[in-house]
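As a plain string of letters, each chain reads:
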Amino acid sequence: LLGKERELLSEIEMKKLSNLGSLLLMSLIAMQSYAQDIVMDASTQGRIVYTNGGQFSDSGRDGDSYSNFEENTMTLCSSTGESVSLDFESFNLENKKDFLYVYDEMDVSAFEVEGSPFTGHSAEDKVLTSSGNCLTFRIKTDFNVKRSGWLADVSVNDLPMVTKN
């Protein structure tokens, strides 16, 4: 009887492992196709976010205004090692008072991309692409007027840095 119990237990363990393997494979496939919503706010301060694509927005998220006195920095990197691109669908910061600085690499000591810092509507309809696999962002807002912020599509590709006017 002990032999049969061991055999049955072994079968159950094999089925569990098989199910676990299937679950892991489905999770990996889902992660590859998952589009992230990436929000730049106090919770992402100083973080590096690896992505395959999605949407990137200010702390106001879906059209609400960003906050006063924001000073946050975060980095977006391609999870595949390719370059990362942002296509700004909308961009609205208080002109010449609130600024989004964009750096071509992993920190604020890197070169700023052409046009940075962005203010007012200066990044609207622009596409920014990293020369490596990361872009770093720093938002700095003042104490008074708030606007709707930005929304950008994030994609991963292998193109050199470009800006679209």
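This text gives an overview of the structure that appears in the document. What you see is a predicted model, and the numbers here were worked out from it, not measured in a lab. (Residues numbered from 1 in each chain as written. Predicted model: local features only at pLDDT ≥ 70, side-chain atom pairs only at ≥ 80, totals over all residues. Heavy atoms only, no water.)

**Here we look at the packing of aromatic side chains**
The geometry of an aromatic ring pair is captured by the separation of the ring centres together with the interplanar angle, meaning the angle of the planes.
Part 1 of the reasoning: In total, this model carries seven aromatic pairs according to the counting rule given.
Part 2 of the reasoning: Grouped by ring-pair contacts, the aromatic residues Phe56, Phe88, Phe91, Phe118, Phe137 and Trp150 constitute a single cluster.
Part 3 of the reasoning: For the cation-ring pair, Arg138 lies above Tyr101, with the distance from its terminal atom to the ring centre recorded as 4.2 Å. (Phe/Tyr/Trp six-rings, centres within 6.5 Å; stacked < 30°, edge-to-face > 60°. Lys NZ or Arg CZ within 6 Å of the ring centre and 35° of its normal.)

**Observations regarding the nonpolar core**
Proteins that are soluble and globular tend to have nonpolar side chains buried together.
Part 1 of the reasoning: Formed by 24 residues in total, the largest nonpolar core has its most connected members in Phe56, Leu76, Leu86, Phe88, Leu100, Phe137 and Trp150.
Part 2 of the reasoning: When contributions to this core are tallied by element, the ones reaching two or more residues are β4 (71-78), β5 (83-92), β6 (99-103), β8 (134-140) and β9 (149-157).
Part 3 of the reasoning: Among the elements that make up this core, the one with the highest residue count is β5 (four residues).
Part 4 of the reasoning: The residues touching Leu100, leaving out its near neighbours within four places in the chain, are Met40, Phe88, Phe91, Leu93, Ser116, Pro117, Phe118, Phe137, Arg138, Ile139 and Trp150. (Core = buried A, V, L, I, M, F, W, Y, C linked by side-chain atoms within 4.5 Å. Buried < 20%, exposed > 50% of the residue type's maximum accessible area, 1.4 Å probe, protein only. Helix = DSSP H or I, 4+ residues; strand = E, 2+ residues; numbered from the N terminus. Contact = heavy atoms within 4.5 Å.)

**Description of unusual backbone geometry**
Part 1 of the reasoning: Looking along the chain, the bond that leaves Ser116 and enters Pro117 is cis, with omega of 5°.
Part 2 of the reasoning: By the element assignment, Pro117 lies in the loop between β6 and β7 (127-129).
Part 3 of the reasoning: In this model, Phe69 sits at a positive phi of 60°, which is unusual for a non-glycine residue.
Part 4 of the reasoning: With respect to the helices and strands, the residue Phe69 is situated in the loop between β3 (53-57) and β4.
Part 5 of the reasoning: Positive phi, normally seen in glycine, also occurs at Asp125, with a value near 65°.
Part 6 of the reasoning: Topologically, Asp125 is positioned in the loop between β6 and β7.

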